[in-house]
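# Coordinate analysis (summary)
Spelled out from the first residue to the last, the chains are:
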Amino acid sequence: MSRSETQDDASGMKRALQRAAVEVVAREGLRGLTYRAAARAAGCTTGAVQHHFSSIDDLLQSSLDWVLEESAENGLIGARTGVFADGEEIRKRYRDSAEIQVFQYQLVVESARRPELRPVLRRLYRGYLDAVGKELGADDGFAQLVFYALDGMFLHQVADPDVDPGPALGALHAVVARHRSEFH
């Protein structure tokens, strides 16, 4: 096996472990994430997990970094912002990214107890805020307002996937349209 193939295998295993961590946290919560649980979900040994990650915190932070990369690559950042989506589209976007959403919210709550997680979460939210600002062509304050409304809708979808965010989105669209007509 060549050196590049070995590096590709190692990179592939690391990605599999990051995805496994997201899956475990979404299904069992942060307390359920152990080397053994990540190994089982990734289909490898606990030794492989320990080889790639020095601690569970290292695995968590790396997994959140992977979520950021995935969000940028597959449009989840734009999908999460969803400024011009309707209620059904928001529910579909949530269903398509449910594990990632639950994982992120688990880490948000955990960061209240563990400040060392906050820098990675700040990067995550900065990505979302930048996407909203770009989509709206708005200043940071208005982009934050819109993002926080959308983030609340996604959080509500975590708690109750059957809720219809359509009326709230309609009101948000009206606020966005009013803002655009006044400031552009």
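Before reading on, note that the structure itself is shown above.
What comes next concerns the included structure.

## A short note on the nonpolar core
Side chains that are nonpolar tend, in soluble globular proteins, to be buried together. Ranked by size, the top nonpolar core spans 45 residues in total, and within it L33, V49, L64, V67, F103, L107 and V146 carry the most contacts. If you list the elements that add at least two residues to this core, you get α1 (3-28), α2 (35-42), α4 (56-74), α7 (98-113), α8 (118-136), α9 (140-159) and α10 (166-183). Considering each element in turn, this core owes the most residues, eight residues, to α8. Setting aside its immediate chain neighbours within four residues, L107 contacts L30, L60, L64, L117 and L121.

## A look at the packing of aromatic side chains
How two aromatic rings sit relative to each other is given by the distance of their centres and the angle of their planes. A complete count under the given rule lists four aromatic pairs for this structure. Ring geometry for Y125 and F147: centres 5.6 Å apart, planes at 70°, overall edge-to-face. Of this pair, Y125 sits in helix α8 while F147 sits in helix α9, and the two are 22 residues apart along the sequence. F147 carries the same exposure label as Y125, and that label is buried. When the centroid spacing of 5.8 Å and the interplanar angle of 20° are considered together, the rings of Y128 and F147 count as stacked. Taken as a pair, Y128 in helix α8 and F147 in helix α9 lie far apart in primary sequence, 19 residues in all. Here the two residues Y128 and F147 agree in accessibility, since each one is buried.

## Observations concerning the pattern of salt bridges
Counting across every chain of the model gives 10 salt bridges. Across the pair R126 and D130 runs a salt bridge whose closest N-O atoms are separated by 3.0 Å. Separated by four residues within a single helix, R126 and D130 lie in helix α8, roughly one turn from each other. Classification of R126 by relative accessible area gives partly exposed; the value is 37%. Since its relative accessible area comes to 42%, D130 is described here as partly exposed. When salt bridges with common partners are traced through the structure, they connect R31, D57, E110, R113, R114 and E116 into a single cluster.

## As for the packing of α7 against α8
Taken N-terminus to C-terminus, the directions of α7 and α8 make an angle of 135°; their axes are 10 Å apart at the nearest point. Classed by the angle they form, the pair α7 and α8 counts as oblique. Crossing hand, α7 versus α8: left-handed. Between α7, through Q104, Y105, L107, V108, S111 and A112, and α8, the contact on the second element is made entirely by R118, L121, L124, Y125 and Y128. Classifying every residue of the contact of α7 with α8 by side-chain character gives eight nonpolar, two polar and one charged.

So, how was this worked out
- Residues numbered from 1 in each chain as written.
- Predicted model: local features only at pLDDT ≥ 70, side-chain atom pairs only at ≥ 80, totals over all residues.
- Heavy atoms only, no water.
- Core = buried A, V, L, I, M, F, W, Y, C linked by side-chain atoms within 4.5 Å.
- Buried < 20%, exposed > 50% of the residue type's maximum accessible area, 1.4 Å probe, protein only.
- Helix = DSSP H or I, 4+ residues; strand = E, 2+ residues; numbered from the N terminus.
- Contact = heavy atoms within 4.5 Å.
- Phe/Tyr/Trp six-rings, centres within 6.5 Å; stacked < 30°, edge-to-face > 60°.
- Salt bridge = Lys/Arg side-chain N within 4 Å of Asp/Glu carboxyl O.
- Axes fitted to C-alpha atoms, helices over the stretch in contact; angles between N-to-C directions.
- Parallel < 35°, antiparallel > 145°, perpendicular 65-115°, else oblique.
- Left-handed = near helix turned anticlockwise from the far one by under 90°.
- Nonpolar A, V, L, I, M, F, W, Y, C, P; charged D, E, K, R; others polar.

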